[in-house]
Amino acid sequence: MTQTDKEKEALEKSWAAAFAADIFPYIDEQIFIPLYSERKSRRNVPVNVLAGAMLLQEIRSMSDEELVEAAMFDLRLRTALHITNVVGQPISLRTIQRFRTRLRRYREKTGEDLLRTCFDGLKDRLDPFLAAYSRFMVNPEALSDLPEDGLTRRRTGGSRRKAQEPAGETGGSHPGF
């Protein structure tokens, strides 16, 4: 996709570029090692992409379907998750649901919430990010309001967006994004 200089500049100044530079590289993939097998299998979506997507899903109050659609079509989300060069569908609904199931089963077995551990490790980076870009986030308080069982609930169908969003802050072709 070819962008104009103005579009490139806007993207470089967006919340997505900040997330891509200040949050995404610091997602600790090692936390999630217990979820994966050493055996050879089909190519997986990188765990930092899944964890980053779930983080954005939470603070953007997106359903699973909305997340999958945004990962395909929204350049800001693709930029934030370092998936701009992925051809086709970078994240599937099934992949998100399976990852969430693995997280839940691991938590039930060990008592450890790996996603919460990951997000807690990002707190010093997330706080300034959310402060700077909260007007673009539907639910910037989401991470402080996590349920005891973390982010492992299944969310499909409509979004959990607040009923009214400030006018003019939705930008892009994806509602509320």
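Here, residues in each chain are numbered from 1, in the same order as that chain's written sequence. Note on the predicted model: pLDDT of at least 70 is required for a residue's local features to be given, and 80 or more for side-chain atom pairs to be given and counted; whole-chain, interface and lining totals, by contrast, use all residues. Think of the side-chain values as coming from all heavy atoms in the structure, minus any hydrogens and water.

**Digging into the side chain of Asp64**
- A run of DSSP states H or I qualifies as a helix once it reaches four residues; a run of E qualifies as a strand once it reaches two. Both are numbered from the N-terminal end. One can find Asp64 in helix α4 (residues 64–73).
- Polar contact is defined as a pair of N or O atoms within 3.5 Å, subject to the rule that within protein one atom must be able to donate a hydrogen and the other to accept it, and that residues adjacent in sequence are counted only when both atoms are side-chain atoms. Engagement of the side chain of Asp64 in a polar contact is seen with the side chain of Arg100, the distance being 3.0 Å.

**Overview of helix α2 (residues 15–22)**
- Most of α2 is tucked away: six of the eight residues are buried.
- Burial classes: relative accessible area under 20% of the type maximum marks a residue as buried, over 50% as exposed, and values in between as partly exposed (1.4 Å probe, protein chains only). Every buried residue of α2 is accounted for by Trp15, Ala16, Ala17, Ala18, Phe19 and Ala20.
- Note on definitions: a residue-residue contact is assigned when non-hydrogen atoms from the two residues lie within 4.5 Å. Against the buried residues of α2 lie α1 (5–12), α3 (47–60), α5 (75–80) and α8 (123–133).

**Structural notes on the packing of aromatic side chains**
- What counts as a ring pair is set by centres within 6.5 Å for rings of Phe, Tyr and Trp (its six-membered ring), and what kind of pair is set by the plane angle: stacked under 30 degrees, edge-to-face over 60, tilted for all other angles. The full count for this structure, using the stated rule, is three aromatic pairs.
- With 5.7 Å between their ring centres and 70° between their planes, Phe19 and Phe129 make a pair best called edge-to-face. Taken together, the residues span a long stretch of sequence, with Phe19 in helix α2 and Phe129 in helix α8 at a distance of 110 residues. Take Phe19 and Phe129: they sit in the same class, and that class is buried.

**Topic: the pattern of salt bridges**
- Just to be clear on terms, a salt bridge is a Lys or Arg side-chain nitrogen sitting within 4 Å of an Asp or Glu carboxyl oxygen. Applying the stated criterion across every chain, the model contains five salt bridges.
- With its nearest N and O atoms 3.3 Å apart, the salt bridge here joins Glu108 to Arg104. Within this pair, Glu108 and its partner Arg104 are both found in helix α6 (residues 93–110), separated by four residues, close to a single helical turn.

**Some thoughts on the packing of α4 against α6**
- Only the stretch in contact is used when fitting a helix axis, every axis being a line fitted to C-alpha atoms; angles between N-to-C directions are given from 0 to 180 degrees. At a minimum axis separation of 9 Å, α4 and α6 run at an interaxial angle of 125°. The orientation of α4 relative to α6 falls into the category oblique. The chirality of how α4 crosses α6 is right-handed. Residues Asp64, Glu65, Leu67 and Val68 of α4 lie in contact with α6, whose contacting residues are Leu93, Ile96, Gln97 and Arg100.
- When residue character is reported, Ala, Val, Leu, Ile, Met, Phe, Trp, Tyr, Cys and Pro are called nonpolar, Asp, Glu, Lys and Arg charged, and the others, Gly included, polar. Tallied by class, the residues present in the contact of α4 with α6 amount to four nonpolar, one polar and three charged. Oblique is the label for any angle not covered by the other classes, which are roughly parallel (under 35 degrees), roughly antiparallel (over 145) and roughly perpendicular (65 to 115). A clockwise turn of the near helix away from the far one marks a right-handed crossing, whereas an anticlockwise turn of less than a right angle marks a left-handed crossing.

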